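This is what each chain is made of:
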Amino acid sequence: MPHSQLSHRFSVAPMLDWTDKHCRYFHRLLSQHAVLYTEMVTTGAIIYGQGDYLGFNEEEHPLVVQLGGSDPVDMARCAKLCEERGYDAININVGCPSDRVQNGMFGACLMAQPQRVADCVKAMADAVDIPVTVKSRIGIDELDSYQFLVDFIGTISEAGCQQFIVHARKAWLNGLSPKENREIPPLDYLRVYQLKQDFPQLDISINGGIKTVDDCLGHLQHVDGVMVGREVYTNPLLLAEIDQAIYQDNRVVPTPHQVVELMIPYIERQMATGSRFWHIARHMLGLFQGVPGARLWRRHLSEVGHLPDSGPQVLLDALAKVPNR
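Here we summarise the structure given alongside this text. This one's a predicted model, so the numbers in the text were calculated from it and none came from an experiment.

### Some points on the packing of helix 1 (residues 21-30) against helix 12 (residues 256-272)
Relative orientation and spacing of two packed helices are given, respectively, by the angle between their axes and the distance between those axes.
Logical step 1: In contact at an axis separation of 10 Å, helix 1 and helix 12 are set at 150° when each is read in the N-to-C sense. Taken as axis vectors, helix 1 and helix 12 run roughly antiparallel relative to one another. Along this stretch, helix 1 crosses helix 12, giving a crossing that reads as right-handed. Taking contact as the criterion, the partners of Lys21, His22, Tyr25, Phe26, Leu29 and Leu30 in helix 1 are, on helix 12, Val259, Leu262, Met263, Tyr266, Arg269 and Gln270.

### A short note on the pattern of salt bridges
Logical step 1: As enumerated under the stated definition, the model contains ten salt bridges in all.
Logical step 2: Close ionic contact of Lys80 with Glu83 constitutes a salt bridge, the shortest N to O distance being 3.1 Å. Of this pair, Lys80 and Glu83 both sit in helix 3 (residues 72-85), three residues apart, which is roughly one turn of the helix.
Logical step 3: For Arg251, the salt bridge identified is with Asp249, shortest N-O distance 2.8 Å.
Logical step 4: Classification of Arg251 as partly exposed rests on a relative accessible area of 43%.

### Details of the packing of aromatic side chains
The geometry of an aromatic ring pair comes down to the distance between the two centres and the angle between the two planes.
Logical step 1: Inspection of the entire model under this criterion finds five aromatic pairs.
Logical step 2: Ring centres of Tyr25 and Tyr266 lie 3.9 Å apart, and the angle between their planes is 10°; on these two criteria the pair is classed as stacked. Here Tyr25 is found in helix 1, whereas its partner Tyr266 is found in helix 12, with 241 residues between them in sequence. Tyr266 carries the same exposure label as Tyr25, and that label is buried.
Logical step 3: Taking the centre distance of 4.9 Å and the plane angle of 75° together, the rings of Phe288 and Trp297 count as edge-to-face. Accessibility assignment for this pair places Phe288 and Trp297 in one class, buried.

### Quick notes on the state of the cysteines
Logical step 1: As enumerated under the stated definition, the model contains zero disulfides in all.
Logical step 2: Here Cys109 stays free of any disulfide, with the sulfur of Cys96 as its closest cysteine sulfur at 9.5 Å.
Logical step 3: Just so you know, Cys120 is unpaired, no disulfide at all, and the nearest cysteine sulfur is the one on Cys78, 11 Å from it.
Logical step 4: With relative accessibility at 2%, the residue Cys120 sits in the buried group.

### Re the environment of Tyr37
Logical step 1: Checked against the element boundaries, Tyr37 lands in strand 2 (residues 36-42).
Logical step 2: Taking the C-alpha atoms as reference points, Tyr37 and Asp20, 17 residues apart in sequence, are found 8.7 Å from one another.
Logical step 3: A distance of 2.6 Å separates a polar atom in the side chain of Tyr37 from a polar atom in the side chain of His8.

### Some words on the pairing of strand 8 (residues 225-228)
A regular strand places its side chains on the two faces of the sheet in alternate fashion.
Logical step 1: Residues Gly225 and Met227 point to one face of strand 8 and Val226 and Val228 to the other, with burial holding for every one of them.
Logical step 2: Pairing geometry for strand 1 (residues 10-12) and strand 8, over three bridges, is parallel. Paired with Ser11 across the bridge in strand 8 is Met227.
Logical step 3: Sheet analysis places strand 7 (residues 203-207) next to strand 8, joined by three bridges and oriented parallel. Of the residues in strand 8, the one forming a bridge with Ile206 is Val226.

### Here's the deal with helix 3
Logical step 1: With 14 residues, helix 3 should reach 20 Å at 1.5 Å per residue; the first-to-last C-alpha distance of 20 Å fits that figure.
Logical step 2: All of the buried residues along helix 3 are Met75, Ala76, Cys78, Ala79, Cys82 and Glu83. All buried residues of helix 3 project into a common sector of 165° when viewed along the axis, lining one side. Facing away from the buried surface of helix 3 by more than 90 degrees, the exposed residues are Val73 and Glu84.
Logical step 3: The elements touched by buried residues of helix 3 are helix 2 (43-48), strand 3 (63-68), strand 4 (89-94) and helix 5 (114-127).
Logical step 4: Where helix 3 begins, the side chain of Asp71 points an oxygen toward the backbone nitrogen of Val73, at a separation of 3.1 Å.
Logical step 5: Count one or two residues on from helix 3 and you reach Gly86, which has phi positive near 110°.

### Notes on helix 15 (residues 312-319)
Logical step 1: Among the residues of helix 15, Pro312, Val314, Leu315, Ala318 and Leu319 are the ones counted as buried. Along the long axis of helix 15, the arc covered by the buried residues comes to 155°, so they all point the same way.
Logical step 2: For helix 15, the elements touching its buried residues are helix 12, helix 13 (277-281) and helix 14 (294-304).

Analysis parameters
Residues numbered from 1 in each chain as written. Predicted model: local features only at pLDDT ≥ 70, side-chain atom pairs only at ≥ 80, totals over all residues. Heavy atoms only, no water. Axes fitted to C-alpha atoms, helices over the stretch in contact; angles between N-to-C directions. Helix = DSSP H or I, 4+ residues; strand = E, 2+ residues; numbered from the N terminus. Parallel < 35°, antiparallel > 145°, perpendicular 65-115°, else oblique. Left-handed = near helix turned anticlockwise from the far one by under 90°. Contact = heavy atoms within 4.5 Å. Salt bridge = Lys/Arg side-chain N within 4 Å of Asp/Glu carboxyl O. Buried < 20%, exposed > 50% of the residue type's maximum accessible area, 1.4 Å probe, protein only. Phe/Tyr/Trp six-rings, centres within 6.5 Å; stacked < 30°, edge-to-face > 60°. Disulfide = S-S within 2.5 Å. Polar contact = N/O pair within 3.5 Å; in protein donor to acceptor, adjacent residues only side chain to side chain. Pairing = 2+ DSSP bridges. Expected span 1.5 Å × (residues − 1). Arc of directions from axis to C-beta.

See the structure below:
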């Protein structure tokens, strides 16, 4: 029985070292509707790690946790833990091409093992009542025909996955760094559009190279959702347009100056429990992208923000350098 789906019309991609809970809290101030993702967390970290890898702020919902792993028993166990913590959905990483990921037998190399992914999906879907989704590429290495992609999606949807996020590039597992894998293999949006036509019953989101709200609206003519990663991180004001443009919600979005002020109490609370100022403020560097004063804001934050005694005042000092219109 398919679990009810999360509306994925717009989501922010899971990005390692970037989309932590501080980043997500900040992003949520700019959009009430965008679906947010955790960084990928491995089953090994959850089961054997010393830290709490599943913590988040209640304000972050709707929130999806992305798991890395390939053992159905471990994946089901972690899925259950994620559901108990209150996540809205669980996503399996079948798209990350880094060596570290391949050695752990998860990420894009799993595209070569659709049955294993299907077994994970089935075990997880049997264990939880929240949606289990898959994020993949359009292919890997020489396995990059459209038929390969159709067979891959078909096998996994039969196991109970109804929602797919497809990065419209293939991944080269050898010879390209993760950064190069985001830039060098050409984008093939038409292949993802075709997938939606051939699997109309599935919820298909597209990811890769999407930079503007107009880009998003164009893709939404062909697929169910768009996922944006680096552009949202480097230019967070993109998020401020999403609720109105994509969700037809006309509520007033806080201005960038107001967002900074709204972050102050959060930073104070987090610092009181041991978080460092810079670990939060670093996600805000791009907030004034394209606005007069943006460079002075970035420079002040970068130069002063990482010092050990930095706190919310650094943010206010940087803010004073940006004219408030």
